[in-house]
Every structure is written in C-alpha cells, then in structure tokens.
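Residues per chain are reported as follows:
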Amino acid sequence: PSEAKIMAAITGQFLQWWTKSDLSLLLQAEHRLLSALVRHPFHKPSNNRLERDSTGGNGHNGINVVEFRAKESAGHKSKPTVVLAHGFGSGLGFFYNNIDGLLNSGKISRVVCVDWLGMGGSARPSCWESPVRSIFSGFGHSSGNSPSRFSLCNSIYTPSRAVDFFLDPFDRLLTGQGALFRKGEPLWLVGHSLGGYLAARYAMRINRRQQSATSSREDTTTSPNLEKLILASPVGFQPLSPEDRIPSSSLPTALRLVDALWNANFTPQSIVRIMGSSRGRQAAKRALRGRIPHLNSQCSDLLAEYLYHITVAPASGEYAMNSLLEPAATGEGAGVYAREPLGGGVMTGHFICDNSWERGRSLHSVKVLFGDNDWMHFHEPSARKEMESLTDASGIDTSVHLVPGAGHHLYLDNPESFLKHVLED
C-alpha cells in the first residue's frame, strides 16, 4: 500500500539519522577495509550495480561486487575464477585475509567477492519485497505464495521463494548478463555458513539446468561452468526430525524467548539498530571480539566499523533467518536447522544421473569444511553421509574436513588451512 511505503520512507530517514549510517558510509567502510588489509588492487565493475537508493528501489539487480585479479601468466585465461559468498549478517569484506593467498597461488585468475541481495553493500529491497516469513501462518491466505491481509509485510516467502530471492540475481550475475563473467569461464564457488547453504542450492539448480539441456541436446555452456564447490561451515545438512524436537513449551525460558523472537522475524540486526550509533558501534565491536578474538587492533577496528554499517543498513535479506532457517532443541542440544535441508538424500537426489548425463555436467568436486571448534559442527555427520551418497550416485569427488584451531569463521581463524582446502584438488 502507498501509505505503508510512505511510512517506510520516513522510517528509513529516521534510521539514517539515528544510526548515523547510510549506503555511502557502508561502502566507504568496505573500501577502507579492503584498501588497508588486501595487497592486491581491486575495482568494482562499472555495470555490477545499478544506481538505486538504499532500499533497493530498482528491484533485484543491485548486487555489490568487488573484483581482484592475479598477475597475468601463461595460461592465465584458462585458470578458474574463485567466487566468495559470505554468510548471514556478514559481507564480502570478511574475506579480506584470504584474497592475497588465493591470487598468489598461481592457480587462479581472479577472485570475485559478492554480497547477497539484501545484505552487505547490495541493494536492500523493502520489507514487501524481502524474504519475510509470515508470522500469521495459516491465517488470511490459502497458499504459501499468497499475501495475507494479517501480515505486516505482504511478501510471505516460503523457503523455496526465499532461496530464489538470493539465487535469481546471483544467477543473472554469473550467467554473464552483466558481462562480468565470460561464457564457459571455469568457476570455483566458496560459500560460508548461510552462503554455503545457498551455494549448495545454486549448484543443485545449475545441475538441473545442465541435465535438462543435455537431455534435449541444447548448449550446456549457457550455464555457469561451475567446477568446484566449497562449503565452509554450512548450515542445513542435518535434517530436523519432528519426533526429535523438544516442544517449545518444554524449553527453558531463555530458549522459549529466542524461539518466539525468531519466529516473529526479530533479528540480531534489529537490536543494534535500536541501540543507535554510539551503543550500536560498541555492540559490533563486542560481537566481533567474541567471535574472532585473535584479530589485531587494526583489523578489529576496520572490520568492526564495516560490520556496524552492514548491520544497521535497512532490514531485507536478514529476514531469511526465519524464512530459511529455524532454531530447535533436541536431546543432543540446541542448534539452527534449514527448513529445507540439504541432508537426508536431498542434495544427492539432484545429482543422480546416467553415463550420458555425466558428460554434460561441469561440477566435479564438492568439499565441506567445519572448524574443529565450530558451533555448526553438529551438521558434520549428516554432511559426511550426504557426501558419500553423492559420490556413489554421481561420481563427483567429495570430501569433508575439519579445519584445526578454527571456529565457525574458519576462513579467519585458520586462513592457511582454509586456503589449502580451497586450492587443492
């Protein structure tokens, strides 16, 4: 409704004043971070983002991209491009400590860092266009795709639609519509946490497309040439069995509160926005020190300022916390699960093929990484089982590894081991 959009615009102006943050300040913080901590020069392709306001007024095309190139050498153009995709509440700048190592390896031609739509420095579509799961499920609409008159936002995304919210613009980027990627260019896709889940879903999408093209004798090179998939501490492998789940009414008060806020689309970013500029910045610094305590003061200060701006930017992609994920407690503990999991044979089912189809598939390697002190570690057993099934069903090389001395942010906790796994066959 027009009245609601006017109110959203007024709220957005107040938010900028209260948080002392906007899109330009966010991108400045990103630029300072990358300029200070990455030795290789970078640039933003001129056509990778459309001119739009901070709410994503031009729709789903404003993807924030930063590109780094290795020095040209023999066979440079035939070497793969590494695409780095961040996790929930993060941004492309968090990969600062991995870029030089990748480019200096001599194995790749460039690194492309991408912010998912609605996150980081990408466009922030409004509440009505974002992946919001209705808090009034079952009332006022007949299907998962129909707006509810009781919903505070009229998007009411199902998990599948929420995945498409992120993957549709990502696919347009990789299929060459922005001239950033050339046809047939070999790609290695690295996704962290929620980005790992989305990267896996994207590989499943590409596989279906290539399989369809092969069976109909069409040109498979119109799809991205995705050769390798690296899932770093991904969410979503462990299926959640209803009989294993402890009912909310039986949970301790603190966990019941988390469950209620989560299902009401209340995100951690909301708390920081309420705090305002001074207290919000302090909260970002505390959160960063708690998650990655080993950073030196320069890295910590630059990353904390960057984290603050991407956190208080208008709410959009963060709503996927509820539309894609759910918290749950079982007899083995509490954790976060995907509403549409990758495990339990789901991922394998998308790659089952006959011998004729194997010749049309580009993906030949899938690696799953967890830190040895990773709170997502409970997904590892299911990931190992799924990878074994995937290899048996498709012939794709798969493996699961633990990164020593690392938590959830394994790419920062142990960058040497992380890069070794990315670069090795």
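The text that follows walks through the structure, step by step, so that each part is easy to find. (Residues numbered from 1 in each chain as written. Predicted model: local features only at pLDDT ≥ 70, side-chain atom pairs only at ≥ 80, totals over all residues. Heavy atoms only, no water.)

### Observations concerning the pattern of salt bridges
Right, on to step 1. Under the definition given, this model contains 14 salt bridges.
Right, on to step 2. A salt bridge links Arg205 to Asp168; the nearest nitrogen and oxygen atoms lie 3.0 Å apart. Residue Arg205 is found in helix α5 (residues 194–215), and its partner Asp168 is found in helix α4 (residues 159–174); the two are separated by 37 residues along the sequence.
Right, on to step 3. The closest approach of N and O atoms between Glu305 and Arg281, which form a salt bridge, is 3.0 Å. Of this pair, Glu305 sits in helix α8 (residues 297–312) while Arg281 sits in helix α7 (residues 268–291), placing them 24 residues apart in sequence. (Salt bridge = Lys/Arg side-chain N within 4 Å of Asp/Glu carboxyl O. Helix = DSSP H or I, 4+ residues; strand = E, 2+ residues; numbered from the N terminus.)

### Some remarks on the pairing of strand β3 (residues 81–85)
Right, on to step 1. The buried count for β3 comes to 5 of 5 residues, which makes it a mostly enclosed element.
Right, on to step 2. Here β3 shows no split at all, with Thr81, Val83 and Ala85 on one side and Val82 and Leu84 on the other all buried.
Right, on to step 3. Pairing analysis gives 5 bridges linking β3 to strand β4 (residues 110–114), with the strands arranged parallel. In the strand pairing of β4, Thr81 is matched with Arg110.
Right, on to step 4. Tracing the backbone out of β3, into helix α3 (residues 96–103) and back to the parallel element β4 gives a crossover that is right-handed.
Right, on to step 5. Pairing of β3 with strand β5 (residues 186–192) involves 5 bridges; the strand directions are parallel. Each residue of the ladder has a partner; that of Val83, found in β5, is Leu189. (Buried < 20%, exposed > 50% of the residue type's maximum accessible area, 1.4 Å probe, protein only. Pairing = 2+ DSSP bridges. Right-handed = clockwise from strand over helix to strand, strands pointing away.)

Spatial relationships are all this shows, so hold off on functional conclusions.
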